[in-house]
Structure formats: structure tokens, C-alpha cells
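Take a look at the letters that make up each chain.
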Amino acid sequence: MDIDTRLLRYFVTVAEEGNLTRAARRLFVSQPALTKQIKQLEDQLGAALFTRSRSGMALTEPGRALAERAPALLAEWDGILRETKAAAGRAARVLRVGFVASGANEATPLIVAEFSRRRPGWRAQMRQTSWANPSAGLADGEADVALVRLPFPGQDALRTAVLFAEPRCVALAAAHPLATRDVIPFRALWDEPFVAAPAATGPWRDYWLAADERENHPVRIGAVTDQPDDWLSAIANGYGIALAPESAIRFYARPGVVYRPVTGVSPSQVAVAWAPADDANPVVQDFVSCCLASAAARY
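So, how was this worked out
- Residues numbered from 1 in each chain as written.
- Predicted model: local features only at pLDDT ≥ 70, side-chain atom pairs only at ≥ 80, totals over all residues.
- Heavy atoms only, no water.
- Axes fitted to C-alpha atoms, helices over the stretch in contact; angles between N-to-C directions.
- Helix = DSSP H or I, 4+ residues; strand = E, 2+ residues; numbered from the N terminus.
- Parallel < 35°, antiparallel > 145°, perpendicular 65-115°, else oblique.
- Left-handed = near helix turned anticlockwise from the far one by under 90°.
- Contact = heavy atoms within 4.5 Å.
- Nonpolar A, V, L, I, M, F, W, Y, C, P; charged D, E, K, R; others polar.
- Buried < 20%, exposed > 50% of the residue type's maximum accessible area, 1.4 Å probe, protein only.
- Pairing = 2+ DSSP bridges.
- 1 Å grid on protein atoms, 1.4 Å probe; cavity = no way out; pocket = protein on both sides within 12 Å on 5 of 7 lines; lining within 4 Å.
- Points joined across faces, edges and corners; volume = space filled by probe spheres on them.
- Lys, Arg positive; Asp, Glu negative; His and termini not counted.
- Salt bridge = Lys/Arg side-chain N within 4 Å of Asp/Glu carboxyl O.

Caption draft 1: Quick peek at the packing of helix H1 (residues 5-17) against helix H3 (residues 31-45). Running from amino to carboxyl end, H1 crosses H3 at an angle of 110°, the nearest separation of the two axes being 9 Å. Relative to H3, the element H1 lies roughly perpendicular. When the axes of H1 and H3 are compared, the crossing they make is left-handed. On H3, the residues that touch Arg6, Leu7, Tyr10, Phe11 and Val14 of H1 are Leu34, Gln37, Ile38, Gln40, Leu41 and Gln44. Of the residues contributing to the contact of H1 with H3, the split by class is 7 nonpolar, 3 polar and 1 charged.

Below you can see the structure in the form of C-alpha cells.
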């Protein structure tokens, strides 16, 4: 019997969450669609995997048996895919470089140029990811190395080297009353609705809401987006404000959106990240060295 790994991933997420609504949110699918997929898996296996109640989803005995083995199976499969894709990249002499937003800002083209100089015949293939994937594809094997913003989910399982830090500012609609100020204390923004990243991004979302710098003041969410264009539209339309790195002023200028300096929040850190398995990979380490050298020269 062949089972789609996607169905197993859905099953594992529901088992971990014990709740369809939370699992659907984490998987970025609708609850009815997730229910349908779980039913499809149960039909294929000929066994009920959950008992459903108002309190949530409890594993049955067959469900517990599958939940004990499925995570390791998926991890092994993911490892096989990563190794296969990495081997394909080596054969083609392509280094897959994931990045979020503006990557390493103005240092990015310098890094790529230096890598090309050090590795003639190799190409750094730049792959931008959405904010729903703040590891820039590194965690799921879609990138060999990544330019990221700290912190992000799964960071502890990867290697990271900080390249530079930059202040955070706030993006507001041009008509917002606070847009007339030259500098805004973060405390003045506590009651404002914020445009947030998806909840599944965990520490990434919390960091850009400055959740740990509010003295337990609750966060108001006005909109959720995972793409820069949608983020800018939500701000321009007045659905919320957002913290952003200072470089957003240069890279994400848009009519109807203004940026103002903010006091009382920590700076944003840009880092290069790679998998521990690539500590001895000379191509990946050459790219890391290029990142560190270019950042040191520029910042």
C-alpha cells in the first residue's frame, strides 16, 4: 500500500496539536480540507485514527501506533530528499541560496560576486521565500544555505552566524496620526493593531510584534500576511502598522506608507544559516566565508 507523505504530515500535525483548528492553521489549510485528508488516510488504512469530541482529537490505539512511527519515517524521507537535491546541485555546480525579504541588504550582490570569484564555474541560485518560511527554505531542504533574520522557528537545529544588526522602525499608513512624529516610542504603539506574519512562524511572528518587549501588554492583530506586497497593502489600507528593519525604507518604499524610527525595541539581526551536516561542505563554507567577509567590509 502506498500512502501519500502529505497525508502522514497532516496526521502528525493533528496528533501533535490535538485540535483540528490549530492543526489547520499551522498547515495553512482550511479545517474542512484537513478533515477530508484525515478521513482519506483512515479509509486507506482501514482504521479510525482519532476519536472526535468537542474537546479535540484523541488518538485511537491504531492512531497511537502510527503516531509513534510516522515522525521518524517523515524525517528519514526528508533527509533523503535533502541529500538528493544537494547532490543534484553539486552535479550542476549550483548552490541554492534561500533568503527572506532583502536578504543581506546591499551586501547581497557583493556576497554573490565574491562567491563567484572563489568558486569559478559555480552559480549561487538566489531563492526568495515568503515570511511563512522564515528559515528561507533551509529547514525543509529547499536551500543549501540561507540569509535570514533572527530568530526563526527551528533555528536551534541549524548553524547561524550573525552578519550585522540594524535598528527596527515602524511602517504606518501615511494618514496615521502618529505619522506626523519624527520618532515614535514603542510604548505609543502598544494599542495599535499590527500586521502580523502567520501564527505558525512562532518566534519570527513574535519578534516582529515585539511580543517580549511589551511588558505583558497584549498584542492586537489587524491583518495577517506572508508576502511583502500584501504586507504593504494592509498597512497602506489602514488595517494595521508593523515593525520593520530600517532597510525597509530603501527596499520597500510605497506611496501611502511611511516609516518612522522607533525607540524601545531591540535591533534586527541578519545572519547566514546552514545545516550542521554542511559544516565540512567546502562550497557551503565558502559562501559562509563570503558572507562574513562582505558584511565585515561593509558594516
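Caption draft 2: Examining the environment of Ala171 more closely. Along the chain, the position of Ala171 falls in strand E7 (residues 168-173). Considering only alpha carbons, one finds Ala171 and Val183, 12 residues apart in sequence, at a separation of 12 Å. In contact with Ala171, other than residues within four places in its own chain, are Trp231, Ile235, Ile241, Ala242, Val257, Val258 and Tyr259.

Caption draft 3: Region of interest: the pairing of strand E13 (residues 268-274). In terms of burial, E13 is largely enclosed, as 6 of its 7 residues are buried. Examined bridge by bridge, strand E5 (residues 145-150) and E13 share 6 bridges and lie antiparallel to one another. The residue bridging Val145 from the neighbouring strand is Trp274, located in E13.

Caption draft 4: Representation of the sheet that holds E13 in the model. Strand order in the open sheet formed by 5 strands is E4-E3-E5-E13-E6, and the pairing between neighbours is mixed. Strands with a single pairing partner mark the edges of an open sheet, and in this sheet they are strand E4 (123-129) and strand E6 (159-166). Going from strand to strand, the sheet's axes swing by 25° on average, the running direction of each strand aside. Of the strands in this sheet, strand E3 (94-100), E4 and E5 are in contact with helix H5 (residues 107-118), which crosses E4 at around 150°.

Caption draft 5: Up close: empty space enclosed by the protein. In the structure shown here, the tally under the stated rule is 1 cavity of 30 Å³ or more. Every residue lining the largest cavity is counted, 21 residues in all, and those nearest its centre are Trp131, Trp208, Trp231, Leu243 and Pro245. Looking at the lining of the largest cavity, the elements that each hand over two or more residues are strand E9 (193-196), helix H6 (203-208) and strand E11 (242-245). When residues of the lining of the largest cavity are assigned to their parent elements, the largest contribution, 4 residues, is made by E11.

Caption draft 6: Local environment of the sheet that holds strand E8 (residues 184-185). Strand order in the open sheet made by the 4 strands is E8-E12-E7-E11, with mixed pairing throughout. Looking at the sheet topology across the chains shown, the edges are occupied by E8 and E11. In terms of strand pairing, E7 meets E11 through 4 bridges, oriented antiparallel. Across the sheet, residue Ala171 finds its bridge partner in E11, namely Ala242.

Caption draft 7: Molecular detail of the side chain of Arg205. Within the secondary structure, Arg205 is located in helix H6. This buried residue, Arg205, is left without a salt bridge; Asp206 holds the nearest opposite charge, at 5.0 Å. The residues touching Arg205, leaving out its near neighbours within four places in the chain, are Ala196, Ala197, Pro198, Ala199, Ile221 and Val224.

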